[in-house]
Amino acid sequence: MIHVSILCVGKLKEKFYLEAVEEYTRRLAPFCRLTVTQLSETRLPDRPSEAQIAQALRQEGQEILARRPRGAALIPLCVEGEQLTSPALAWRMEQWAVQGGSAICFVIGGSYGLDEAVKAEGVFRLSMSRMTFPHHLARVMLLEQIYRAFQIQAGTKYHK
């Protein structure tokens, strides 16, 4: 069974996000071993300088790279990444699973994004949209798209 990991910077607090993550975790159980790991976002002042932001991203990036599963295909989510249709994501996930030894690791950064070192380690940069979303919502959206990808692969009617 494929192992799908999601490394997320920032902790979910809102009940509706937590419930959505629980729902998709339950739905994904027959298709994959899912691990969602929350990493702490580096605290910054209210108006951080570019240097402070860069330092925070470096620290978060080091933790992300240290916590990624060994051998997993690393997929950072970033606005400059490539947008895919749901069927294209399903196809890519099959390819990444084969290339990554049956393990895929998606990475969602915090409110300031991801360090370039994390992006450079990725086998593919994925963008959900050119629009900006809260990283908590991006987690739910990613889980839904992973679930949809497995439904597409299984040939169900979930994806019409």
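For the structure, see preceding data.
The paragraphs below set out a description of the structure included in this document.

Basis of the calculations
Residues numbered from 1 in each chain as written. Predicted model: local features only at pLDDT ≥ 70, side-chain atom pairs only at ≥ 80, totals over all residues. Heavy atoms only, no water. Pairing = 2+ DSSP bridges. Helix = DSSP H or I, 4+ residues; strand = E, 2+ residues; numbered from the N terminus. Contact = heavy atoms within 4.5 Å. Axes fitted to C-alpha atoms, helices over the stretch in contact; angles between N-to-C directions. Expected span 1.5 Å × (residues − 1). Buried < 20%, exposed > 50% of the residue type's maximum accessible area, 1.4 Å probe, protein only. Arc of directions from axis to C-beta. Polar contact = N/O pair within 3.5 Å; in protein donor to acceptor, adjacent residues only side chain to side chain. 1 Å grid on protein atoms, 1.4 Å probe; cavity = no way out; pocket = protein on both sides within 12 Å on 5 of 7 lines; lining within 4 Å. Points joined across faces, edges and corners; volume = space filled by probe spheres on them. Nonpolar A, V, L, I, M, F, W, Y, C, P; charged D, E, K, R; others polar.

### Observations concerning the sheet that holds strand 4 (residues 103–108)
Here comes step 1: Here 5 strands make up an open sheet; going across it, the order is 2-1-4-3-5 and the pairing parallel. Of all strands in the sheet, those with a lone pairing partner are strand 2 (33–39) and strand 5 (126–127), marking the two edges.
Here comes step 2: For strand 3 (residues 73–83) and strand 5, the ladder comprises 3 bridges, and the chain directions are parallel. In the strand pairing of strand 5, Leu 77 is matched with Leu 126.
Here comes step 3: Across the sheet, helix 3 (residues 86–99) touches strand 3, strand 4 and strand 5, and the angle it forms with strand 4 is around 120°.

### A few points about helix 3
Here comes step 1: Between its first and last C-alpha, helix 3 extends 20 Å over 14 residues, near the 20 Å set by a 1.5 Å rise per residue.
Here comes step 2: Listing the buried residues of helix 3 in full gives Ser 86, Leu 89, Ala 90, Met 93, Trp 96 and Ala 97. All buried residues of helix 3 fall inside an arc of 125° around its axis, so they share one side. The exposed set on the far side of helix 3, more than 90 degrees from its buried face, consists of Val 98 and Gln 99.
Here comes step 3: Elements in contact with the buried residues of helix 3: strand 3, strand 4, strand 5 and helix 5 (135–154).
Here comes step 4: For helix 3, the side-chain oxygen to backbone nitrogen distance between the N-cap and Ala 88 is 3.1 Å, and the N-cap itself is Thr 85.
Here comes step 5: Just past helix 3, the residue Gly 101 takes up positive phi, approximately 70°.

### A look at the layout of surface pockets
Here comes step 1: Put simply, the largest pocket is a space of about 490 Å³.
Here comes step 2: Secondary structure elements with two or more residues in the lining of the largest pocket: strand 3, strand 5 and helix 5.
Here comes step 3: With 4 residues, strand 3 is the largest single contributor of residues to the lining of the largest pocket.
Here comes step 4: Looking at the lining of the largest pocket, its residues break down into 12 nonpolar, 8 polar and 2 charged.
Here comes step 5: Considered as a void within the structure, the second largest pocket measures approximately 410 Å³ in volume.
Here comes step 6: Sort the elements by how many residues they give to the lining of the second largest pocket and helix 2 (residues 50–67) lands first, with 4 residues.
Here comes step 7: Partitioning the lining of the second largest pocket into residue classes produces 7 nonpolar, 5 polar and 7 charged.

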